[in-house]
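What follows is each chain in one-letter form.
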Amino acid sequence: MNDFRRAVLVPELLVAELAASLRFWCCLCGFRVAYDRPEDRFAYLDRDGAQVMLEEAAGPGRRWVTDALERPFGRGVNLQIGVADAGPILTALRKAKWPLYLEPEEKWYRVVEGAAGVRQFLVQDPDGYLLRFSQPLQAASPAAQPLDQAHWKL
């Protein structure tokens, strides 16, 4: 039985070469093809609920291109992908000698509940989209304090 459910927000990324992107996203980053349309050079990927659509920019059919495409396509895009364990992805990338954009780090971010800690690293896919794999840290930050929500009011 297929229990696949589409997320309510799914980025659709134009890529230069779908096959190269699938090798990166699936073989190195652990995504799987939930479904595809080879005749359209399109694939819908999933990794434990993190979803993305990849579409070859020069493929057939309709493409929503708002301006000239120049590589890297992903300028200004940073996709955070929550994972239970970032280790296997990092191992696969290192084995493939894929360069990291940001080496693994532990970082604490202020959130409404106080602070959220993550182990994260960043890597660019073949088209320049920046992927930030983020694994939650279990230990509480000594600096975690509740956030005053008053400053959020408009």
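The structure we're discussing is the one just above.
Residues numbered from 1 in each chain as written. Predicted model: local features only at pLDDT ≥ 70, side-chain atom pairs only at ≥ 80, totals over all residues. Heavy atoms only, no water.

> Looking at this model, I keep getting lost on the pairing of strand β5 (residues 78–82). Mind explaining?
Strand residues, when the strand is regular, have side chains that alternate between the two faces of the sheet. Residues Leu79 and Ile81 of β5 are buried on one face, while the alternating residues Asn78, Gln80 and Gly82, pointing to the opposite face, are not. Two elements, β5 and strand β8 (residues 130–136), share 5 bridges in a ladder whose sense is parallel. From the neighbouring strand, Ile81 faces β8, where its bridge partner is Phe133. (Buried < 20%, exposed > 50% of the residue type's maximum accessible area, 1.4 Å probe, protein only. Helix = DSSP H or I, 4+ residues; strand = E, 2+ residues; numbered from the N terminus. Pairing = 2+ DSSP bridges.)

> When you look at the packing of aromatic side chains in this model, what are you seeing that I'm missing?
A ring pair, where both rings are aromatic, is described by two values, the distance of the centres and the angle of the planes. In total, this model carries 8 aromatic pairs according to the counting rule given. With a centroid separation of 5.6 Å and an interplanar angle of 85 degrees, the aromatic rings of Phe4 and Tyr44 are classed as edge-to-face. You can see Phe4 sitting in the segment before β1 (12–15) and its partner Tyr44 sitting in strand β3 (residues 42–47), a full 40 residues away along the chain. Three or more aromatic residues joined by ring pairs form one cluster here, namely Phe4, Tyr35, Phe42 and Tyr44. Sitting over the ring of Phe42, Arg37 keeps its end group 4.0 Å from the ring centre. (Phe/Tyr/Trp six-rings, centres within 6.5 Å; stacked < 30°, edge-to-face > 60°. Lys NZ or Arg CZ within 6 Å of the ring centre and 35° of its normal.)

> Quick question: what am I supposed to make of the side chain of Ser21 here?
Along the polypeptide, Ser21 turns up in helix α1 (residues 18–28). Relative accessible area serves as the criterion here: at 0%, Ser21 is assigned to the buried category. If we ignore the near neighbours within four places in the chain, the residues touching Ser21 are Val15, Leu54, Pro126 and Asp127. (Contact = heavy atoms within 4.5 Å.)

> Any chance you could explain helix α2 (residues 87–95) here in plain terms?
Residues lying three or four places apart along an α-helix face the same way, a consequence of the helix completing one turn every 3.6 residues. Listing the buried residues of α2 in full gives Gly87, Ile89, Leu90, Ala92 and Leu93. Positioned one or two residues after α2, Lys97 has a phi angle of 60 degrees, which is positive.

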